[in-house]
Amino acid sequence: MQYRSEIDGLRAIAVVPVLLFHAGYSLFSGGFVGVDIFFVISGYLISSLIYQEAAAGKFSILNFYERRIRRIIPALIAVMIPCMIIAPFVMLPDDFENFAQSVIATLLFGNNLLLAVTAGYWDLAAEFKPLLHTWSLGLEEQFYILYPLGLILVLKINRALFPLFLLAGIGFSIAANLFVVPQKPEAYFYFLHYRAWELLLGALCGYAERWPQGRKGNEALAGQISVTPRI
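Thresholds applied
Residues numbered from 1 in each chain as written. Predicted model: local features only at pLDDT ≥ 70, side-chain atom pairs only at ≥ 80, totals over all residues. Heavy atoms only, no water. Helix = DSSP H or I, 4+ residues; strand = E, 2+ residues; numbered from the N terminus. Buried < 20%, exposed > 50% of the residue type's maximum accessible area, 1.4 Å probe, protein only. Contact = heavy atoms within 4.5 Å. Areas by Shrake-Rupley, 256 points an atom, 1.4 Å probe, with all protein chains shown as cover. Salt bridge = Lys/Arg side-chain N within 4 Å of Asp/Glu carboxyl O.

A. Main features of the overall build of the chain. When you go through the chain residue by residue, the secondary structure sums to ten helices and zero strands. From first element to last, N terminus to C terminus, the chain shows the α and β order α-α-α-α-α-α-α-α-α-α. Buried residues in the chain amount to 43% of all 231 residues. A separation threshold of at least 6 residues defines the contact pool for the chain, and within that pool the share at least 24 residues apart is 66%. Accessible surface computed for the chain: about 13,100 Å², of which carbon and sulfur atoms make up 70%.

What follows is the structure, encoded as structure tokens:
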């Protein structure tokens, strides 16, 4: 897949309100929406890559997982090692025990699940969780594990059903939000099935881009991009 400079620009725009929100600027009290934008971008990029490889008959789910590991693990370890070195000297026993749990959960891409069952994102204890931000990484990686399996299965059954598969997933996720969020908002924040609509919306955009009528209106804003085969 060709490098998309406009997508990197959108990422830069999305990350600014997130940083300002966490810095405590009241003007950016809704800055966390940048995370939602990142999920849509992730769904778009990963789906576009899979579509392109599948159309060329080159997609391998093992190679896909291997590339995800090479892309994520080195940077993740570089973040975790300094935290593991410093934590024993600055944390009380209970906090250090929680940190050790988060290290294991993060390596298993499940820190979002651990946080959901142990504490809320906004409580004071969050200040003592240096790996708190890896909840989003865990959620994305869970999507990367499950989504390609569903995509390949649907394409083998009937390719024409794939847009319906995406729309059904989006509809289910949004419906789950409408039912659960008022009762238990922390569940929405951490669990994949409540966030799936954002990732699947990006996937739907990636699929729609391959419709003949879907490209013409976008290229004026995005610039010229390489044409990839339709599935």
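B. The arrangement of the pattern of salt bridges in detail. Evaluated as defined, the whole model comprises four salt bridges. A salt bridge links Glu66 to Arg70; the nearest nitrogen and oxygen atoms lie 2.4 Å apart. Within this pair, Glu66 and its partner Arg70 are both found in helix α3 (residues 61–90), separated by four residues, close to a single helical turn. With a relative accessible area of 35%, Glu66 lands in the partly exposed category. Between Arg195 and Glu198 there is a salt bridge, and its shortest N-O distance comes to 3.5 Å. Taken together, the residues span about one helical turn, with Arg195 and Glu198 both in helix α9 (residues 192–208) at a distance of three residues. Via salt bridges that share partners, Asp36, Arg195 and Glu198 belong to a single interconnected network.

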